[in-house]
Amino acid sequence: MRRILALVIISFVIINGQTDSTLHKTDDLIDINDNSISKKYINFSDYRYPGDFFKLMPFGFLRDLGTVGQPSEYILYGEGFNNISVLNDGVFLNDRIFNAFDLNLFQSESLEKIELIPLARGFLYGADNNPAAINFVSRKYLHERPYTRLRYYQAPYDEGFIDGYFSSNFAEKLNISFELTNQSTSPRYPNSDYGLWSFALRARYKLNDSSFTFLSYKYSKTNTQLNGGVNIDSAVSSPFDYENPVIYNPILAPVNFYYRYQKSTLRYFDAGIKSYLGSNAPYKISFFLRSHLNEYRQNDTTYFITQSGIDTIIRDNGSMSAGLNYNQSLNFGAFRLFSINQFEYTSFSSPLIDEDKLTVLASSLIGATEIMRGKLELSFFGKYLNYNGDSHLGYGADFSLRILSGFIFYAGYSNFSKPYNPYEKSLFGESGKQIYHNVEIKLSYYSPLMNAEASYFRKDIKNRLIMTESGFIFKSILIDGANLRASLKLWKFLFETNSSYYFNREGRNSLGLPEIISTGGIYYVDTLFNNNLNLKTGFNFYIYGRRPGIYYDLEKMISASWPIYRDDDYLFKSSNQIDFFLAGQLQERAILYFVFENLLNSKYFIVPYYPKQERSVRFGVAWEFFD
């Protein structure tokens, strides 16, 4: 307790300040070696929902389940569900029972940017000390004129998406914005239909030139049919005959579950204030309420039709959280402090866990300084977490050095313990800790013609809880990998790649990772018709190397690699896909999209046995209006 009080007290002392725009930095989490994906870049990328953004990130990967709306697992630094903190403006979104978040519940069109948290700092954010983290930073509602944005797309199987965002000043000091999203699809394979409704309301009232209050309310509800993929035992004579055309025929292929689904409802409310404690010391304090209910049904006997040989499961897993967040920045010239503090109380309603409540107290502190005339930025950081009475400590350091014109070298290290989530603790009935030693190094180069980043990470994990065919086991895992993310502009042609390779065979097979993952494209980029059309068109490519099989418990959002496929002799072979992509922006207002997916009609899956979408066409538009 003394440690947390000391860190909070540091946040309040010695105060210095700036303009109103500086207050928005309290929503950002990166104060050194800024590494983010801008909304402008996202606008000219191909995506259906926020999970697709992970394809743009170094060491990012999406275990696509083949059909829109499925709770596909997103991977970052080799970590997936239960190990990635998803944040929105610094607010922790993960489910408190299983420590995971379904990105179908997140509205993407009000984004300003996505912050990629360096691996060494991932544990600093959120209530679970997850080793990896991303932060979705929302659009800042400071429009002098009313602003409206609409995005729509349509694809086969009645797949459709529409999102409307509106923001306006309804009084001199009052801004109100709201966003409404609907997405749905009819079944591609049996029992794979999906529906989503999301709504968000935000209000901001300016108290003076350096302070404002805010509140927001968000609601999302999904209804997802979960067929479990193709039933390989019924479809073909051998599980190794995964090229059999029956698997890729939505009419002929049998699925594992014909009567399984889940409904997920998320509600979130927060209210607070952004202001200064003095000059150069912006802070943000907010109170929040969060509720999440997951209604999981399998072979529900209340219906007249059921599937023989399948267990009946009717479970509601719910949680209700209330808490306080406090972020504080302090600037002392060449030295900066950034403090992140969170307290929350959660009550549970789930037959899967023993505990009925959870209390979390967390405080992180980052100190940064610049030397060598700003060429070297050095940071030290630490975190104290009290997780239902169990204490967890973590510490680390990183630095960023400008070594030559355009070149930046980064290195970071951290050591911390991670608690088991309430469901994991209920499995073995006692408290425990997972221990992480994380290292990341990166060399970046930026110029008008070329941007490139070459990076390497290594994680040494002790007491990792792994799901197997016979239950859960504790295991030590070593995983390391290298990534190259680059873009090169030659005349009117743009070449892009984001490629990762994982070295340690045992580590990657234990985590179910492909040996290599590569995405990118070759595009023609130009401004045409008297600067009225910004055009990007070309071919996207996706390469997935040899990989072990993965199976899921989608109710608990847990994945595990199939034991038989951890042997190199039984890995699934490499797969690839090529798409034609076009995005054209008209007069900086409307962006037209056209995608010819899977041009070669490749028959493959990323996760067995969820076939990827066949050759198809998707088109859409995003339109911005003022006044």
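**Observations regarding the overall build of the chain**
Across its full length, the chain carries 5 helices and 31 strands. Taking 2.2 N^0.38 as the reference for a compact globule, 627 residues should give roughly 25 Å; the C-alpha atoms of the chain span a radius of gyration of 24 Å, in line with that estimate. The 627 residues of the chain split such that 59% are buried. Summed over its atoms, the accessible surface of the chain is roughly 24900 Å², and 59% of this surface lies on carbon and sulfur atoms. Taking the average location of the 62 positive side-chain charges in the chain and that of its 63 negative ones, the two points are 4 Å from each other.

**Digging into a nonpolar patch on the surface**
Taken together, the side chains of L449, M450, L488, L490, W491, F493, F495 and I522 define a hydrophobic patch exposed on the protein surface, amounting to about 770 Å² of accessible area. Of all the secondary structure elements, the ones that give two or more residues to the nonpolar patch are β23 (471–490) and β24 (493–502). Looking at the element boundaries, F493 is found in strand β24.

**Side note on the pattern of salt bridges**
Per the counting criterion, the structure on display carries 31 salt bridges. Residue K206 pairs with D209 through a salt bridge whose shortest N-O separation is 3.9 Å. What makes D209 exposed here is its relative accessible area of 63%. Each member of the salt-bridge network shares a partner with another, and the members are K39, E109, R149, R151 and E624.

**A word on the side chain of K459**
Mapped onto the elements of the fold, K459 is located in strand β22 (residues 450–468). Within the local environment of K459, its side chain forms a polar contact with the side chain of E79, the two groups lying 2.5 Å apart. Not counting the four nearest positions on each side in its chain, K459 is found in contact with Y77, G78, E79, L119, H437, N438, I477, L478 and I479.

**A closer look at the environment of G195**
Tracing the backbone through its elements, the reader meets G195 in strand β11 (residues 194–208). With residues up to four places along the chain from it excluded, the contact list for G195 reads Q183, S184, K221, T222 and N223.

**Some remarks on the sheet that holds strand β4 (residues 84–88)**
Reading across the sheet, the 5 strands line up as β1-β6-β7-β4-β5 and stay open at both edges, with mixed pairing between neighbours. At either end of the open sheet lies a strand with only one pairing partner, and these are β1 (36–38) and β5 (91–92). Of the strand pairs in this sheet, strand β6 (residues 111–116) and strand β7 (residues 132–138) are connected by 5 bridges, and their pairing is antiparallel. Among the inter-strand pairings, I114 is bridged to a residue of β7, identified as F136.

**Here we look at unusual backbone geometry**
The omega torsion across P608 and Y609 is -15°, close enough to zero to call that bond cis. If you trace the backbone, Y609 turns up in the loop between β30 (590–597) and β31 (616–626). With a phi close to 55°, N129 is a non-glycine residue in the positive phi region. Structurally, the position occupied by N129 is in the loop between β6 and β7. A positive phi angle, close to 65°, is found at N531, a residue other than glycine. With respect to the helices and strands, N531 occurs in the loop between β25 (516–528) and β26 (533–544).

**What about the packing of aromatic side chains?**
Enumeration over the complete set of coordinates arrives at 36 aromatic pairs. For the pair F572 and F605, a centre-to-centre distance of 5.3 Å together with 80° between the ring planes defines the contact as edge-to-face. Pair noted here: F572 is in the loop between β28 (558–561) and β29 (575–586) and F605 is in the loop between β30 and β31, with a separation of 33 residues, a long-range link. The burial state of F572 is the same as that of F605; both residues are buried. When the ring of W623 is compared with that of F625, the centres are 5.7 Å apart and the planes differ by 5°; the resulting orientation is stacked. What makes W623 partly exposed here is its relative accessible area of 40%. Exposure remark for F625: the relative accessible area of 35% places this residue in the partly exposed category. Within the aromatic cluster, the residues linked to one another by ring pairs are F59, Y77, F457 and Y502.

The rules we used
Residues numbered from 1 in each chain as written. Predicted model: local features only at pLDDT ≥ 70, side-chain atom pairs only at ≥ 80, totals over all residues. Heavy atoms only, no water. Helix = DSSP H or I, 4+ residues; strand = E, 2+ residues; numbered from the N terminus. Rg over C-alpha atoms; globule rule 2.2 N^0.38 Å. Buried < 20%, exposed > 50% of the residue type's maximum accessible area, 1.4 Å probe, protein only. Areas by Shrake-Rupley, 256 points an atom, 1.4 Å probe, with all protein chains shown as cover. Lys, Arg positive; Asp, Glu negative; His and termini not counted. Charge placed at Lys NZ, Arg CZ, Asp CG, Glu CD. Patch = residues over 30% accessible without salt bridge, like charges linked within 9 Å, V, L, I, M, F, W, Y side chains within 5 Å. Salt bridge = Lys/Arg side-chain N within 4 Å of Asp/Glu carboxyl O. Polar contact = N/O pair within 3.5 Å; in protein donor to acceptor, adjacent residues only side chain to side chain. Contact = heavy atoms within 4.5 Å. Pairing = 2+ DSSP bridges. Phe/Tyr/Trp six-rings, centres within 6.5 Å; stacked < 30°, edge-to-face > 60°.

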